[in-house]
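Residue strings, one per chain:
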Amino acid sequence: MRSPEVKRSLAMMTSILAGMGKPWSKTIRFLKEERTLAKGMLKVSDMVNEEDAAKVRRALNEVWGVRDIEISLARKEATFTYNDQSASCHDMMQAVTEQGYRAEMMEP
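Conventions adopted
Here the residue numbering is sequential within each chain, running from 1 through the sequence in written order. Restriction of local features to residues with pLDDT of at least 70 applies here, the model being predicted, together with a cutoff of 80 or more for giving and counting side-chain atom pairs; totals for whole chains, interfaces and linings are based on all residues. The side-chain numbers reported here are obtained from all heavy atoms of the structure, hydrogens and water having been left aside. Between the rings of Phe, Tyr and Trp (Trp by its six-membered ring), a pair exists once the centres lie within 6.5 Å; its type follows the angle of the planes, with under 30 degrees stacked, over 60 edge-to-face, and the other angles tilted. Burial classes follow relative accessibility: with a 1.4 Å probe on protein chains only, a residue under 20% of its type's maximum area counts as buried, one over 50% as exposed, and anything between as partly exposed. Only DSSP runs of H or I with at least four residues qualify as helices, and only runs of E with at least two residues qualify as strands; both kinds are numbered from the N terminus onward. In short, DSSP must find at least two bridges between two strands for them to pair. Multiplying 1.5 Å by the helix residue count minus one yields the expected span of that helix. Directions are taken from the helix axis to each C-beta atom, and the arc is the one they span. Residue contacts are counted whenever heavy atoms from the two residues lie within 4.5 Å of one another. Any N or O atom pair separated by 3.5 Å or less is treated as a polar contact, with the protein-specific requirement of one donor-capable and one acceptor-capable atom, and with residues adjacent in sequence counted only for side-chain atom pairs. Axis definition: a line fitted to C-alpha atoms, over the contacting stretch in the case of helices. Angles run 0 to 180 degrees between N-to-C directions.

1. Let's talk about the packing of aromatic side chains
To describe a pair of aromatic rings, one takes the distance between the centres and the angle between the planes.
Argument step 1. What the rule picks out here adds up to one aromatic pair.
Argument step 2. Between the aromatic rings of Phe80 and Tyr82, the centroid separation amounts to 5.9 Å while the plane-to-plane angle is 55°, which identifies the pairing as tilted. Each of the two residues, Phe80 as well as Tyr82, counts as buried.

2. Concerning the pairing of strand E3 (residues 77–83)
Argument step 1. With seven of seven residues buried, E3 lies mostly within the body of the structure.
Argument step 2. Side chains Glu77, Thr79, Thr81 and Asn83 of E3 all project onto a buried face; the interleaved residues Ala78, Phe80 and Tyr82 project onto the opposite face, where all are buried too.
Argument step 3. Where strand E1 (residues 37–43) and E3 come together, seven bridges link them in antiparallel fashion. Looking at E3, one finds that Met41 is bridged to Thr79.
Argument step 4. Direction of pairing for strand E2 (residues 66–72) relative to E3: antiparallel, over a ladder of five bridges. Within E3, the residue paired with Ser72 across the bridge is Glu77.
Argument step 5. Counting the residues in the hairpin turn of E2 and E3 gives four residues, including Lys76, whose phi is positive at 55°.

3. Details of helix H3 (residues 50–61)
Argument step 1. Here H3 contains twelve residues, and its C-alpha end-to-end distance of 16 Å stays within 8% of the 16 Å for a straight helix at 1.5 Å per residue.
Argument step 2. Listed in full, the buried residues belonging to H3 are Asp52, Ala53, Val56, Ala59 and Leu60. Along the axis of H3, the buried positions cluster into a sector of 125°, meaning they face one direction only. For H3, exposure combined with an orientation more than 90 degrees from the buried face picks out Glu50 and Glu51.
Argument step 3. Buried residues along H3 sit in contact with E1, E2, E3 and helix H4 (89–97).
Argument step 4. If you check the start of H3, you find a side-chain oxygen 3.1 Å away from the backbone N of Glu51, and it comes from Asn49.

4. As for the sheet that holds E1
Argument step 1. Across the sheet, four strands lie side by side as E2-E3-E1-E4; this open sheet has antiparallel pairing. The open sheet is flanked by E2 and strand E4 (104–106), the only strands paired with a single partner. For this sheet, the mean inter-axis angle between neighbouring strands, taken without regard to orientation, is 30°.
Argument step 2. The pairing of E1 with E4 spans three bridges and is classified as antiparallel. Residue pairing for E4: Leu42 is matched across the bridge by Met105.
Argument step 3. Of the strands in this sheet, E1, E2 and E3 are in contact with H3, which crosses E2 at around 165°.

Below, the structure is given as structure tokens:
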């Protein structure tokens with residue numbers, strides 16, 4: 001839970017950015033959505049090299065609301081933070097499987 005000062009700061013930043021026009025609309029949306037972040041983890045069993053890891057990272061980056069992606073080749077896992085109001089676990093699994101990998105949701 002955020003302190004009142006942090007909430008006021010976020011509200012002030014949102015207000016300032018809103019006055020700057022369209023280039024900041026994505027930032028404003030992100031600030032408003034930050035309250036609904038969840039952690040996710042995918043097991044990608046056929047990810048074997050750095051090229052595979054880069055493809056998995058790019059696929060996850062394409063899903064709106066996903067951020068803080070970490071890939072572990074040794075454990076064959078991708079962990080990430082996502083906005084559970086704009087993306088679902090199914091969205092991340094689909095993005096990775098569309099790249100040709102088998103993905104299974106895990107508990108973070």
